[in-house]
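Each chain, letter by letter, is given below.
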Amino acid sequence: MILKSASASEGMMDGEDEQVVVDVQQLAKRYSGWSLFGKKPIDALRGVNLTASGGEVFGLLGPNGAGKTTLIKVLLGVVKPTSGQAKLFGKSVGSIDARQRVGYLPESLRIDRHHTARSALAYYGRLSRMESTVINRRTDELLELVGLKGRDRETVSRFSKGMYQRLGLAQALMHDPDLLILDEPTDGLDPVGRNEVRRVIETLRDQGKTIFLNSHILQEVEMVCTRVAILSKGKIRGAGTVRELSQRLASEVVVFELEVSKEIEVSSFVQQIASQLELDSSQLDWVEGEGNSSVLTASLPDRSQVDQMVDALRASDISIIGLEKKRPSLEELFMQLVNDSGSDQE
Amino acid sequence: MTPYFAVITDSFRAAFASRVLWMALIAIWILLAALAPVGYRQDYTTDFRSQDFYNGTRLKAMLARGTVDETVSEQPIGRLAAAMPDELSRNLRRVGNGEEVRIFLRLFADALNECLDDESWYSEDAWSETLQFRELRELNELPEPLDESLRRRRARLRIEAALPGVFENRSAQSIRLSYAGVDFPARFSTDKAQFLILVNQFVLPVIIQWLMGFVLVFLGILVTASMIPEMLQPGSLHLLLSKPVSRRLLLLSKFFGGCVFVLLCVTQLVIGLYLIVGFRLDIWNMRLLWCIPVSVFLFSVFYSVSTLAGLIWRSSILAISVTSIFGCLCLVVGVIGGLFDTFVTGPAKIRNLAVVGETIIGSTKGGGLVRWDDQQGSWSEILEGNPLGMDRIIAPVALDPNTVVTASVRGGRFNPFGSGATDLLVMTQDSDWEGEPSVRLPTSTTEVYLSGDKLLALNAGELASVSIDYVLSEVGAKRSATNDDEGDSKQEKETGIPGPSESSSGVARDNQAGSRGWLQKLSSMMGVATEGFENLLPQQVSLTPPRNLVVDPEGGFLFVVSRGRLIRFEPPQSGSGTWEISSEASLDGDVSKNVLLAISGEVLLMAREEVPIQVFDAATLQQLGQVDLPESLDPISLVGLPGNGGFLLGSSDGRLRHVKRVGSGVFELTGPVGPREVESVHVDRTQGRVYIAHHIDRLEVLAEADLQFVEQRNPIAAGWRFLEKYFIAPARFVTPQTGELGETIEAIISGESAKTILDGPEKGEVVRYELTRPILSCSIFIAIMLTTSCYYFSTRDF
């Protein structure tokens, strides 16, 4: 299964033959707020469109206050949208049928201190309308999966943060949900803990679970997510795979490692090449290195332009020692999209 | 329902994990351990105590007469007087010589207790003329020597027989409590059955109410107030709401789960109490276990407030504060309501009715006399009552279509014999119902009855009659004397000193005593007839409580019941002197219970608590049949309808029921008839109407023949009553009546629908337990609070 997403501007993604898990259309949420000067409503979501089909790990990215948690709360039925609609598995969010198929790990999980790992899983299992026999079987499986076997009869008050998160993950998986919503699952964890949680997510991904991952740890998202959506100021700024985003949003950058054997006037040479390739000079960045070495970074969206650049360099008797094509990182894309939204005024 | 049961069972786990719960449980166990050594043993009632004297004045007078009157020296009172200690004997002699001497009842008790050990005062011949009850007769027939306890018991009964009308009716058996095998100094002169009632009706409800109504509710709120705010913590709430559960049911499950804490504590306490009173006091009262749900119900009233406050403010502190404020509000409304009950509505209750021609006159619980004023549409006052309830008024009796008689006994509520002499007040329409003093009533008169052309006055133990002509003729003669009395009375009221008296029994203050002989004064103190009155009962008959009396309005017969004897009297053939006993019957069952008596045609009906209603032939006193009153109801009032119309029986649920003959020896109880919350009933034979006072002072009139509605009169509320009706009552209505739930607990534990509070010389005021109203009020409140909470929780974004 493949999970796909798209922003409204880009239109719906294809995949008609796949099950639609998340379907969000023109979703808006306005919180009523008050200040000394009267009402001050806050628009947490402003016309969000998001369609996701079952299968992959989907990352929801965005800076603090972007509306990520609000979007998740809407999907869980915890808050009601002001306008628009959201569906899970074709059913209205908040309906018991929809929630029956969702597992959720909240950002700051609280499990009552009187519970052990085993009793907590039994409790949340019963809340998910599971039979006792199934609860017992799933508890053993999940304790094994999250690495809490052997600690399952200890009170949770003795658990470390990492154990707590893993227990949270286990409770989210208890009723074998079709959709798993993880809100900052590695927040507050040390690298070992993050690695443990990431390992579990990867295992689940390998098992074919659909995972909706809300995180602002971009590396993590880049490592585990097959699709991402970037949310900023209540709007989806971009959605798709990281590759699709980079292709769509940024030009391919080619880095030439050169050896210049003769004296050249760098600035006039750059101007010459730019006019020859019909480029803007700002698309070219020449950096002189030690000795005869230099590095030319060129933003060349077209492959023929790369050939022309090679021909031009060689014609000028410049040796090409190395050539590397570079894609922008997710962080660069994220920053670009978020910065682009900075001028967005509502 | 699995997820919601999961929430509730999780609350059990949370409660068991709570240290506060274990601390509460340990406190309960300590309390139960402290109560466990309480035990009791039964013994015969022998020693006299001050409380055993019903009429101390009579005792003093009788012994004084025995001391100074040589003619009675060989009679029981003379022999007993001779056995008194020297100091007491000297004082009695002074009393006999006409001096005002104050003698404390405990001195009499001590002296009589000495007589229990030394029975040299007893003479079989002397006692042969006394009225001896069955127990004494049986003890007299036992072979000597008797067991010490039995011997002392017999001696006590002999003393009681020698001094009729002096002693309270006490059970033959006494209960003595012990702690860890050591006897308490106090002794309860009650038998096992009465002890059981005492424990069930007073002791256990008080323990339950205090521990559960206050301590556990407050403790429970302290512990559970945090449950809702904690559930609303983002990491907890969002996880719960992500589960396939209904928000409303989730909240309700949390609410019921919160009640678990109190349920666990209450269960421990109630079961512990149940086992302790069962094993230690032999009282296995399963009804006690009903206190568990009732107590949890009481807690849930407050917890519903805490839940809503916790939802809105998401703060435990605020939830506790708001709940505490709510508790205070309930308390304040309850206290204010109680004050209005005591000082406004209570005293206005119509206790007795009399129809004089076209005028309806009623006596109130507050000791006032009122008249229905058609023009004003309300009751107008004839005699002012006392809101503090210190006065008592004798039920008005219509002599003719223009005249009614009554009497106001000052200080009569807590001092049943009054603190001064009491004149009969005659009121006529011509004098605009102004009370004019007539004959002086015998000391400690409690009731007045009309019998043909005579007026009967019942006092502590005697029944005296006076002709109506004499009463009316004395109206003018007494006027000047009354003015003097009023001066004294006024001073007495101002100082608050009720005149010379010993203890609560009081002493009749007879200003004219100086002009009479010492014997006449002693007679007056003993309660026998004063001037114009003559004793009606034979000497060996004394009407001691529990008692009742009914005059046959058609045949002029008199029926009395006293301490288990039912007697029919006929007027003497000569027209004067004591009445003669024509029939007599002994009653089975507990004779210490209040008894009601009424006649209808040829049938006499008697109703007692916990005994089926008995029907007797009015001529022979043969029992014709019996009727069962629904369980948990007690008889409160009884009137006979003319002819063979049957009877109207008022019961502890505030309703009237019709008892009528449906066949030979077959009687049936039907109804209820008439309004609710009946206060009193009066049958007016001349108009063929039944007047029913209900809902404090409203009137409903039924046709005597078919008991169909004729008319009603609802007084217009004014002044304090207006305030009570339009402000206090609505405030009480909207405020959950948590305080009244205490009554529910009392009713449940005792298994009764009413309790009797001493409110007069012999009659207790029967207070109905409010069962439905507080439960309904609290249920509605809980429903409103939970509905609001559910709506808030299900519509709010979190």
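Computed from a predicted structure; not experimentally measured.

### What to know about the overall build of chain A
Phase 1 of the analysis: Along its length, chain A carries 11 helices and 16 strands.
Phase 2 of the analysis: Projected onto its principal axes, the C-alpha positions of chain A cover 80 × 50 × 50 Å.
Phase 3 of the analysis: In chain A, which comprises 346 residues, the proportion classed as buried is 41%.
Phase 4 of the analysis: At a minimum sequence separation of 6, the contacts of chain A that also span at least 24 residues come to 71%.

### Topic: the overall build of chain B
Phase 1 of the analysis: Helix and strand counts for chain B come out as 20 helices and 33 strands.
Phase 2 of the analysis: Relative to its 798 residues, chain B shows a buried fraction of 45%.
Phase 3 of the analysis: In chain B, the share of contacts with a sequence separation of at least 24, taken over all contacts with a separation of at least 6, comes to 61%.

### A few points about the nonpolar core
Phase 1 of the analysis: With 149 residues, the main nonpolar core has A:Leu75, A:Ala170, A:Ile181, A:Leu213 and B:Val266 as its most contacted residues.
Phase 2 of the analysis: Of the residues forming this core, the biggest block, 16 residues, is contributed by helix H13 (residues 247–281) of chain B.
Phase 3 of the analysis: Discounting residues that sit within four places of it in the chain, A:Ile181 has contacts with A:Ile72, A:Leu75, A:Leu76, A:Val102, A:Tyr104 and A:Phe212.
Phase 4 of the analysis: In this structure, B:Val409, B:Leu566, B:Tyr691 and B:Ile692 belong to the second largest nonpolar core, which totals 85 residues.

### A closer look at the sheet that holds strand E9 (residues 403–409) of chain B
Residue and element names in this part refer to chain B.
Phase 1 of the analysis: In spatial order, the strands read E8-E9-E10-E11; together these 4 strands make up an open sheet with antiparallel pairing. Edge positions in the open sheet fall to strand E8 (392–400) and strand E11 (436–440), since each of these has one partner strand only. Across the sheet, the mean angle separating the axes of adjacent strands is 30° when strand polarity is ignored.
Phase 2 of the analysis: Looking at chain direction, strand E10 (residues 423–428) and E11 are connected through 3 bridges and run antiparallel. Across the sheet, Leu-425 pairs through a bridge with Pro-437, a residue of E11.

### A few points about the packing of helix H8 (residues 134–141) of chain B against helix H9 (residues 148–162) of chain B
Residue and element names in this part refer to chain B.
Phase 1 of the analysis: Remark: H8 packs on H9, axes separated minimally by 10 Å, with the N-to-C direction vectors making an angle of 130°. Overall, the two elements H8 and H9 adopt an arrangement that is oblique. By crossing handedness, the relation of H8 to H9 is classed as left-handed. On H9, the residues touching Glu-135, Leu-136 and Leu-139 of H8 are Leu-150, Arg-153, Arg-154, Leu-157, Arg-158 and Ala-161.
Phase 2 of the analysis: For the contact of H8 with H9, the class distribution of residues is 5 nonpolar, no polar and 4 charged.

### Overview of the interface of chain A and chain B
Phase 1 of the analysis: Taken together, the contact between chain A and chain B spans 22 residues of the former and 20 residues of the latter.
Phase 2 of the analysis: Along the lines of polarity and charge, the residues of the side of chain A that touches chain B split into 10 nonpolar, 5 polar and 7 charged.

### A few points about the pairing of strand E10 (residues 210–214) of chain A
Residues and elements named next belong to chain A.
Phase 1 of the analysis: Among the 5 residues that make up E10, 5 are buried, leaving the element largely enclosed by the rest of the structure.
Phase 2 of the analysis: Alternating residues of E10 divide into Thr-210, Phe-212 and Asn-214 and Ile-211 and Leu-213, and every residue in both groups is buried.
Phase 3 of the analysis: With 5 bridges connecting them, strand E9 (residues 179–183) and E10 associate as parallel partners. Across the sheet, residue Leu-179 finds its bridge partner in E10, namely Thr-210.

### Overview of the confidence of the model for chain B
Phase 1 of the analysis: Confidence along chain B averages 81 in pLDDT terms, with 87% of residues attaining 70 or more.
Phase 2 of the analysis: Here the complex is predicted with pTM 0.74, and the ipTM for its interfaces comes to 0.80.

### Details of the sheet that holds strand E16 (residues 318–326) of chain A
Strand pairing in a sheet is mediated by backbone hydrogen bonds. Such pairs are either parallel or antiparallel.
All names here are of chain A.
Phase 1 of the analysis: Spatially, E14-E15-E13-E16 is the arrangement adopted by the 4 strands of the open sheet, whose pairing is antiparallel. Edge strands, defined here as strands with exactly one partner in the open sheet, are strand E14 (284–288) and E16. The mean inter-strand angle of the sheet, taken between neighbouring strand axes irrespective of direction, is 20°.
Phase 2 of the analysis: Two strands pair when backbone bridges link them, and strand E13 (residues 253–260) and strand E15 (residues 293–299) are joined in this way by 7 bridges, in the antiparallel orientation. For Val-253, the partnering residue across the bridge sits in E15 and is Ser-299.
Phase 3 of the analysis: Its contacts with the sheet put helix H10 (residues 303–315) on E13, E15 and E16, and the angle it makes with E16 is roughly 160°.

### Some points on the environment of B:Arg713
Residues and elements named next belong to chain B.
Phase 1 of the analysis: With respect to the secondary-structure elements, Arg-713 resides in strand E31 (residues 709–713).
Phase 2 of the analysis: C-alpha separation for the pair Arg-713 and Asp-697, spaced 16 residues apart in sequence, amounts to 9.1 Å.
Phase 3 of the analysis: In contact with Arg-713, other than residues within four places in its own chain, are Trp-372, Arg-698 and Leu-699.

### A few points about the pairing of strand E21 (residues 603–608) of chain B
Residues and elements named next belong to chain B.
Phase 1 of the analysis: Across the 6 residues of E21, 6 count as buried, placing the element largely inside the fold.
Phase 2 of the analysis: Alternating positions in E21 separate into two faces, Val-603, Leu-605 and Ala-607 on one and Leu-604, Met-606 and Arg-608 on the other, with burial throughout.
Phase 3 of the analysis: In terms of strand pairing, strand E20 (residues 595–600) meets E21 through 6 bridges, oriented antiparallel. Bridging across to E21, Ser-600 finds its partner in Val-603.
Phase 4 of the analysis: In this structure, the hairpin formed by E20 and E21 is closed by a connection of 2 residues, where Gly-601 is found at a positive phi of approximately 60°.
Phase 5 of the analysis: Sheet topology places E21 next to strand E22 (residues 611–617); 5 bridges connect them, and they run antiparallel. Its bridge partner lying in E22, Met-606 is registered against Gln-614.
Phase 6 of the analysis: Counting the residues between successive antiparallel strands, the hairpin from E21 to E22 contains 2 residues, one of them, Glu-610, with a positive phi of roughly 60°.

Reading the values: the criteria
Residues numbered from 1 in each chain as written. Chains lettered and ligands numbered in written order. Predicted model: local features only at pLDDT ≥ 70, side-chain atom pairs only at ≥ 80, totals over all residues. Helix = DSSP H or I, 4+ residues; strand = E, 2+ residues; numbered from the N terminus. Buried ≥ 20, exposed ≤ 12 C-beta atoms within 10 Å, placed from the backbone. Contact = placed C-beta atoms within 7 Å. Core = buried A, V, L, I, M, F, W, Y, C linked by C-beta atoms within 7 Å. Pairing = 2+ DSSP bridges. Axes fitted to C-alpha atoms, helices over the stretch in contact; angles between N-to-C directions. Parallel < 35°, antiparallel > 145°, perpendicular 65-115°, else oblique. Left-handed = near helix turned anticlockwise from the far one by under 90°. Nonpolar A, V, L, I, M, F, W, Y, C, P; charged D, E, K, R; others polar. pLDDT = per-residue confidence, 0-100.

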